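Analysis of the macromolecular model
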Amino acid sequence: MTLPAPYPPLVSGSEGLDRYPDDASALAARMAAVYGVPAEQVLPVRGLTHGLELAWRLAARDGGSVEAPKAEPYASLAAIYPAKGETAPEKSIVVIRALGSPEAVGEMAARVAPALLVVDEGLIEFSDSASAVTVVSDQPNLVVLRSLSLAYGLAGARVGAAIAQAQTLVRLASVLEPYALPEPLVRLAMQALDPSRMIETAERIASVRRERERVVRELGRQMPVEPGVGPIIMARPEEPAAALAGLKAYGVEADLSGERLRLPISIKSEVNDRLLAAFGLTPAKRRPARVGQAVRDTKETRIVCAVDLDAPGPVKIETGVGFFDHMLEQIAAHGGFSLRLQCEGDLHTDPHHTIEDSAIALGQALKQALGERKGIARYGFVLPMDEANATVSIDLSGRPYPLFEGTFETPFIGDYRTDLTAHVFRSLAEAMGAAVHIKVTGQDDHHKTEAVYKAFGRALRQAIRVEGDAVPSTKGVL
């Protein structure tokens, strides 16, 4: 194997021992696409700690030193090290955690040159700050460290990247150990960074930020709270030790940092409710969230689908088949629920797999969101659209039974195959566990197709409506 620069292909003195698995170059390219930099400026590493370790190794090998001034944010750091008019020793490395503007980081890099400036951006995705990677091309001594641990859900698999100009990465790569990034980690990272995961990753980050704002607002009524960055806030209770014990009693793991408490923020509101309850703050009671998620990876498609039956938005769909995206939007909009679905499919072959598997994933997510189906209306029916008329009957019985009556003369609407319409609703019925009876008539195939999807959404809206707490069946179970 020969990796492109800046990856040295062999470890000195060893025959055929590669520093990286065969698909590390693909990981570097994927990271480059996500971070918006050229592939030659990305060196995959085992998370932030490994990136920092490489900096320490480089300093030790070259007889230099590592400086890590304790100052946050960058605005205060610039006045501390090095002082204005001074320069850092040539072989030193300055490590900072900075979430200031890229221009400020670039100014700092110029100030410490020719020493390396290493910037920890492990939590940048959770902030409003722009990344310093935008100034890497202008600063040959700048190294930006990124992590997949929190933002991309790989906390248990340490993977990240060092981003710098190629000649700087050559220096870092020269102190890499053999097999620096095991192949299983590369595969997990490639999966996490797959385009099919991006919508859901963005929503996960947004959810953490929303929950962080909520907890800061509620907790701020009792004590000083610093919003922090990422899934952590810093609070100053009057008695930190007692607060720590109270949190533990509610199953919330926190830790002391001087006189401050580092409090974790979960993506799950119910977990954060426990945190607030530990401080005597009781959130308003609400029904358990009716949310569902399906991940479907095959040789033909990679799909992530998520629904929230009690939220009207957002609705974000990317399958690569424009008309089908529009039809799924109709289901969510008329169904009154949030839907996020992203698919990477073999469209170069045919849209069949993309459409079929997306319908299956949507059905699976809906089934999970419905849970025990307590309190739902269970049944739904309707929808005329100009000359077309679509009748859709739904029974969320848990028993799949699809029935479709209708034909289409036009083979394609855009890239969407009209003969797959019946297939879509069969897949939905089977995956979500429902009887779905559809009959459509009319002259315009576009109208007929759209009427079916809209009618299904409207029927589903009625069926998922919460009317009480009981299971809608004399059997007591669906």
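For the structure, see preceding data.
Residues numbered from 1 in each chain as written. Predicted model: local features only at pLDDT ≥ 70, side-chain atom pairs only at ≥ 80, totals over all residues. Heavy atoms only, no water.

**With respect to the sheet that holds strand E9 (residues 255-257)**
Applied cut-off: Here, any two strands with at least 2 DSSP bridges between them count as paired. Only DSSP runs of H or I covering at least 4 residues are called helices, and only runs of E covering at least 2 are called strands; the numbering of each starts at the N terminus.
If you trace the four strands from one edge of the open sheet to the other, you get E7-E8-E10-E9, paired in antiparallel fashion. Here the strands that pair on one side only, and so sit at the sheet edges, are strand E7 (225-226) and E9. Two strands pair when backbone bridges link them, and E7 and strand E8 (residues 232-235) are joined in this way by two bridges, in the antiparallel orientation. Paired with glutamate 226 across the two strands is methionine 234, which belongs to E8.

**Brief notes about the sheet that holds strand E11 (residues 291-297)**
Heads up, the rule is: To define axes, lines are fitted to C-alpha atoms, for helices over the stretch in contact only, and angles between the resulting N-to-C directions are given on a 0 to 180 degree scale. Residues count as neighbours in contact if any of their non-hydrogen atoms are within 4.5 Å of one another.
If you trace the four strands from one edge of the open sheet to the other, you get E11-E12-E14-E13, paired in mixed fashion. Strands with a single pairing partner mark the edges of an open sheet, and in this sheet they are E11 and strand E13 (315-318). Across this sheet, the average inter-strand angle for adjacent strands is 5 degrees, counted without regard to direction. Two strands pair when backbone bridges link them, and strand E12 (residues 301-308) and strand E14 (residues 338-345) are joined in this way by eight bridges, in the antiparallel orientation. Bridging across to E14, isoleucine 303 finds its partner in cysteine 343. Strands E11, E12, E13 and E14 of the sheet are contacted by helix H7 (residues 198-219), whose axis makes an angle of about 145 degrees with E14.

**Observations concerning the packing of aromatic side chains**
For clarity, the threshold we go by: In this scheme Phe, Tyr and Trp rings, the latter by its six-membered ring, pair at centre separations within 6.5 Å, and the angle between planes marks the pair as stacked below 30 degrees, edge-to-face above 60, and tilted otherwise. Residue burial is assigned from relative accessible area. The probe radius is 1.4 Å, only protein chains are included, and a residue is buried under 20% of its type maximum, exposed over 50%, and partly exposed in between.
Within the structure shown, the criterion is met by six aromatic pairs. With 5.0 Å between their ring centres and 55 degrees between their planes, phenylalanine 425 and tyrosine 453 make a pair best called tilted. A residue pair is termed long-range when its members are at least 10 positions apart, and phenylalanine 425 in helix H12 (residues 421-432) and tyrosine 453 in helix H13 (residues 445-464) qualify at 28 residues. Of the residues examined, phenylalanine 425 reaches a relative accessible area of 3% and is grouped as buried. Take tyrosine 453: its relative accessible area is 0%, and that puts it in the buried class.

**Regarding the side chain of arginine 214**
Keep this limit in mind: Polar contacts, as used here, are pairs of N or O atoms within 3.5 Å; protein pairs need one atom able to donate a hydrogen and one able to accept it. Residues neighboring in sequence count only if both atoms are side-chain atoms.
As for its placement among the helices and strands, arginine 214 is situated in helix H7. With a relative accessible area of 14%, arginine 214 lands in the buried category. Polar side-chain contacts of arginine 214 include one of 2.9 Å to the side chain of glutamate 211. Leave out the neighbours within four places in its chain, and arginine 214 touches Ser269, Asn272, Asp273, Leu276, Pro283 and Arg286.

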